[in-house]
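Coordinates in review
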Amino acid sequence: MQLKPSVSSQDHAIGKADANLVIVEYGDYQCPYCGAAYPVLKELMREFGDQIKFVFRNFPLSEIHPFARPAALVAEAAALQGKFWEMHDAIYENQSSLSTDFLFELAEKLGLDQTKLQHDLKQDSLEDRVDADFESGMHSGVNGTPSFFVNGQKFNGGAENLLDLIRSNAS
């Protein structure tokens with residue numbers, strides 16, 4: 001399966017901007033498998049961050065993870081204050097504590113402007129952003145989380161397999 005749409009400047013990306021290796025994760029902040037993949041992906045970025053571009057797209061499975069969508073919305077609101085990746089990491093590092101109140105606690109710990117956060121969370125644009133990510137996942141053949149794409153092609157394996165593949169290609 002192909003990634004649709006391709007990675008653009010609208011995506012949340014870290015790593016080398018013009019990398020030859022682009023990894024996209026469709027993730028759900030409450031998914032235990034995404035939580036297990038998170039430290040592996042952090043290791044991947046530690047080892048190869050100067051060689052890859054890593055992109056995160058929201059794919060909240062709201063029917064089974066009630067805090068996935070609120071977490072995605074708070075992460076998107078944090079992005080408007082320049083702290084998407086800090087919020088992304090804080091949510092995954094505290095995944096077992098997820099609740100609406102806890103998301104606001106995290107925002108406060110990260111130094112986000114609480115008034116702006118509350119205002120931004122009421123904007124349709126955040127809902128639209130999360131919905132657009134989700135729809136792009138559906139068009140790309142995502143049916144569970146985490147799902148990975150490497151250079152636009154669906155990767156059929158978990159984060160550990162992805163790390164092994166990149167390590168073997170790097171050596």
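About the cut-offs
Sequence order as written defines residue numbering, which begins from 1 separately in each chain. Thresholds applied to this predicted model are a pLDDT of at least 70 for local features of residues and 80 or more for the giving and counting of side-chain atom pairs; totals over whole chains, interfaces and linings are not thresholded and use all residues. To get the side-chain values, all heavy atoms of the structure are used, and hydrogens and water are removed first. Within 6.5 Å between ring centres, the rings of Phe, Tyr and Trp (the latter by its six-membered ring) count as paired, and their orientation is classed by plane angle as stacked under 30 degrees, edge-to-face over 60, tilted in between. To sort residues, take the accessible area from a 1.4 Å probe on protein chains only and compare it with the maximum for the residue type: under 20% means buried, over 50% means exposed, and anything in between is partly exposed. Definition of nonpolar core: a set of buried residues of the types Ala, Val, Leu, Ile, Met, Phe, Trp, Tyr and Cys, connected through side-chain atoms within 4.5 Å. Where helices and strands are cited, they refer to DSSP runs of H or I of at least four residues and of E of at least two residues respectively, numbered from the N terminus. Contact definition: two residues touch when any of their heavy atoms are within 4.5 Å. Throughout this description, a polar contact denotes any pair of N or O atoms lying within 3.5 Å of each other; where both atoms belong to protein, one of them has to be capable of donating a hydrogen while the other can accept it, and for residues adjacent in sequence the pair is counted only when both atoms sit in side chains.

**Some thoughts on the packing of aromatic side chains**
Across all of its chains, the model carries 10 aromatic pairs by this definition. Plain terms: the ring middles of F84 and W85 are 5.0 Å apart, the flat faces sit at 85 degrees to each other, and that makes the pair edge-to-face. Residue class for W85 comes out buried when judged on its relative accessible area of 16%. Within the aromatic cluster, the residues linked to one another by ring pairs are Y29, Y38, F54, F56, F84, W85 and Y92.

**Here we look at the nonpolar core**
One recurring pattern in soluble globular proteins: nonpolar side chains tend to sit buried together. With 44 residues, the main nonpolar core has Y29, M87 and I91 as its most contacted residues. No other element matches helix α1 (residues 32–48), which puts eight residues into this core. If we ignore the near neighbours within four places in the chain, the residues touching I91 are Y29, A71, A75, L98, L103 and L106. Core analysis: the next-biggest nonpolar cluster, separate from the first, contains eight residues, V22, V55, V142 and F149 among them.

**What about the environment of S147?**
Relative to the assigned elements, S147 resides in strand β4 (residues 147–150). We classify S147 as buried; its relative accessible area is 4%. With 121 residues separating them in the primary sequence, S147 and Y26 have C-alpha atoms 5.2 Å apart. Leaving out residues up to four positions away in the same chain, S147 has contacts with V24, E25, Y26, V142 and K154. In terms of polar contacts, S147 uses its side chain to reach the backbone carbonyl oxygen of G144, at 2.6 Å.

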